[in-house]
Amino acid sequence: MEASESASTPMLRRLNALAVLDAMRARGAVTGSELMADTRLSRPTVHAVCADLMARGLVSEVEVRVPGTGSQPGRRPRQYVFNARAGHVIGIDLGAKKVTVQLADLRGDPVAERTSVFSHEHVRARPRLDGVRRTVGRVLDEAGVDATSVRAVAMGVPAPVDNDGHVVATQEYLPDLPGRDLRGVLSMYGWTTHVDNDANLAVIGERWRGVAQGCDNVIELLAGYRLGSALFLDGRLVRGSAGRAGELTFLSMLEGVGNTDAIAELAEVYGAEAGLPEADAEAVFEAARAGEASAVAVLSRVLDRIARVIAVFGTFLNPELVVIGGGVAGAGDLIIPGLEQRLPALTESPPRLAASGLGDHAVLTGAVRVALDTVEATILRQPS
């Protein structure tokens, strides 16, 4: 459905504008005819939308010479280009052990990025949030970008977040953060920050630029040191009444699992029990690739446990795809085949499995996407 010049609603105008923006971002410089073909909007609507987007500073009109006319300009169709540097967005992945900040342009392409490591996993809220602020400031300085150029910010945290932006977690895991409204953590810049659970942002990132593009029934399983999940079912993100949908504390009641320890954590624990000289997860994976018997046995124990978790998803939620994300995604060549072998014996509806192609950037990618959505919704609601 399109909004014509003579009769339109604000919502239809925004939908038309978003369709045109998506086409421009995909193509680069594009003519009105190409936009008509991509969006199926009429010529008057396309040019009216482009004129409005130019007035908002998001689009420019460029001159193009027709090939074969020598040095003289030929007949020049109007051609439009998206102004990716008309502003910036920031995505933040605030983990238990570190924070990573990415500055991106309005196409979502990275401009600058920096990671800061906390002194320990259970650092209290004040130094943790000070670390966020310092890292954001350094990214802006390194990119030479003024804070006024930033249009929106989104941040992922490893805990449930309620509809009012408050973190829900145990004091032991994230001291002082539970109950805090983190939307004002960067208020010194004049920004309001969108805050969400890291797994929710990861699944958004996977559907935008990862292995779940076009998939409307997908579960993201963050499987580094603690298991976390996000549920994207029937074309929408499922949050629950207090942002707790996808929480996995119930695994303490699941036979053969017992807690939310994830692949990297289990590899290290089981590796130490097996007496492996280097029991960190990466060393265990490398030894398993080399066929070392003790490491292969450790990996088998890990996969037995994680397969039970995925079987629960397959049985009760029936997703098309489960994405294994987090720092262990790079070991997908070991993890995915082993899980695929185990699942048919555990559930009648085993989902398709894939390791994240975004690796440890899935949360950042989703945060950038959410920030871009915020920019578009804000700009397109404003009068031009």
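Counting restarts for each chain, with residues numbered from 1 along the sequence as it is written. Per-residue local features of the predicted model are confined to residues with pLDDT of at least 70, and side-chain atom pairs are confined, for both listing and counting, to 80 or more; whole-chain, interface and lining totals are unaffected and use all residues. By convention in this description, side-chain values take in all heavy atoms of the structure and omit both hydrogens and water.

Attention now moves to the overall build of the chain. Counting its regular elements, the chain contains 10 helices and 13 strands. We compute the radius of gyration over the C-alpha atoms and compare it with the globule rule, which gives 2.2 Å times the number of residues raised to the power 0.38. Computed over the C-alpha atoms, the radius of gyration of the chain is 24 Å, within 12% of the 21 Å expected from 2.2 N^0.38 for a compact globule of 384 residues. Remark: exposure states derive from per-residue accessible area (1.4 Å probe, protein chains only) relative to the maximum for the residue type, with buried under 20%, exposed over 50%, and partly exposed in between. Counting every position in the chain, which comprises 384 residues, the buried fraction comes to 51%. Taking the contacts inside the chain whose residues are at least 6 apart along the sequence as the reference set, 64% of them involve residues at least 24 apart. Only DSSP runs of H or I reaching four residues or more are called helices, and only runs of E reaching two or more are called strands; each is numbered from the N terminus. Contact definition: two residues touch when any of their heavy atoms are within 4.5 Å.

With that out of the way, let us pick up unusual backbone geometry. Of note in the backbone geometry, Arg40 takes a positive phi value of approximately 65° without being a glycine. Mapping Arg40 onto the fold places it in the loop between α2 (32-39) and α3 (43-55). A residue is classified by how much of its surface remains accessible, and Arg40, at 76% relative accessible area, is exposed. Positive phi, close to 75°, is recorded for Asp176, a residue that is not glycine. Note that Asp176 resides in the loop between β7 (150-157) and β8 (193-197).

Turning our eyes to something else, we now look at the side chain of Asp196. With respect to the secondary-structure elements, Asp196 resides in strand β8. For this analysis, a polar contact is any N or O atom pair within 3.5 Å, provided that within protein one partner can donate a hydrogen and the other can accept it, and provided that sequence-adjacent residues contribute only side-chain to side-chain pairs. Here the side chain of Asp196 touches Asn200 through a polar contact of 3.1 Å, side chain to side chain. Excluding residues within four positions of it along the chain, Asp196 makes contact with Met155, Gly156, Val157, Val161, Leu201, Leu237 and Arg239.

What follows is about helix α5 (residues 198-209). One less than the number of residues in a helix, times 1.5 Å, gives the span that helix is expected to have. End to end, α5 covers 16 Å across 12 residues, agreeing with the expected 16 Å (1.5 Å per residue, within 8%). Among the 12 residues of α5, 10 are classified as buried, and the element is accordingly described as predominantly covered. Of the positions making up α5, those classed as buried are Asp198, Ala199, Asn200, Leu201, Ala202, Val203, Ile204, Gly205, Glu206 and Trp208. Regarding α5, its N-cap is Asn197, as a side-chain oxygen of that residue lies 3.0 Å from the backbone nitrogen of Ala199 further along.

What follows covers the pattern of salt bridges. Only one rule defines a salt bridge in this text: a Lys or Arg side-chain nitrogen within 4 Å of an Asp or Glu carboxyl oxygen. The final tally for this structure, using the stated rule, is 21 salt bridges. Across the pair Arg25 and Asp22 runs a salt bridge, and its minimum N-O distance is 2.9 Å. One end of the pair is Arg25 and the other is Asp22, both in helix α1 (residues 10-27) and three residues apart, which spans about a single turn. Via salt bridges that share partners, Asp22, Arg25, Arg369, Asp373 and Glu376 belong to a single interconnected network.

We now examine the pairing of strand β5 (residues 98-105). The element β5 is extensively covered by neighbouring structure, given that seven of its eight residues are classed as buried. Whether two strands pair comes down to DSSP finding at least two bridges between them. In this structure, strand β4 (residues 88-94) lies alongside β5, joined through seven bridges in antiparallel fashion. Across the sheet, Asp93 pairs through a bridge with Thr100, a residue of β5. Hairpin connection, β4 to β5: the antiparallel pair is bridged by three residues. Bridge count between β5 and strand β6 (residues 110-117): seven bridges; the pairing is antiparallel.

Below, the discussion takes up the nonpolar core. Core analysis: the biggest nonpolar cluster contains 49 residues, and Val20, Met24, Leu35, Leu53, Leu58, Val89 and Val218 have the highest contact counts within it. Per-element accounting of this core gives the leading share, 10 residues, to helix α10 (residues 362-381). The contacts of Leu35, once residues within four sequence positions are left out, are Val20, Ala23, Met24, Val30, Arg40, Val46, Cys50 and Tyr80. Formed by 43 residues, the second largest nonpolar core is a distinct cluster that contains Ile219, Leu227, Leu266 and Val298. The nonpolar core is taken to be a set of buried Ala, Val, Leu, Ile, Met, Phe, Trp, Tyr and Cys residues, with the residues joined through side-chain atoms within 4.5 Å.

Another point: the pairing of strand β13 (residues 352-355). Of the pairings in the sheet, the one linking strand β12 (residues 321-325) to β13 comprises four bridges and is parallel in character. By the bridge assignment for β13, Leu321 is matched with Arg352. Crossovers are marked right-handed if the path from the first strand over the helix to the second runs clockwise, as seen with the strands pointing away from the viewer. In the classification by handedness, the crossover that spans β12, the intervening helix α9 (residues 332-342) and the parallel β13 is right-handed.

Turning our attention to the sheet that holds strand β10 (residues 227-233). The strand order across the open sheet formed by five strands is β11-β10-β9-β12-β13, and the pairing between neighbours is mixed. The sheet is open, and its two borders are formed by β11 (236-238) and β13, each paired with just one other strand. If you compare each strand with its neighbour and ignore which way they point, the axes differ by 25° on average. As paired strands, β10 and β11 are joined by three bridges and run antiparallel to one another. From the neighbouring strand, Leu231 faces β11, where its bridge partner is Val238. Angles shown run from 0 to 180 degrees and are taken between the N-to-C directions of axes, each axis being a line fitted to C-alpha atoms and, for helices, limited to the stretch in contact. On the sheet, α9 packs against β12 and β13 and is oriented at approximately 170° with respect to β13.

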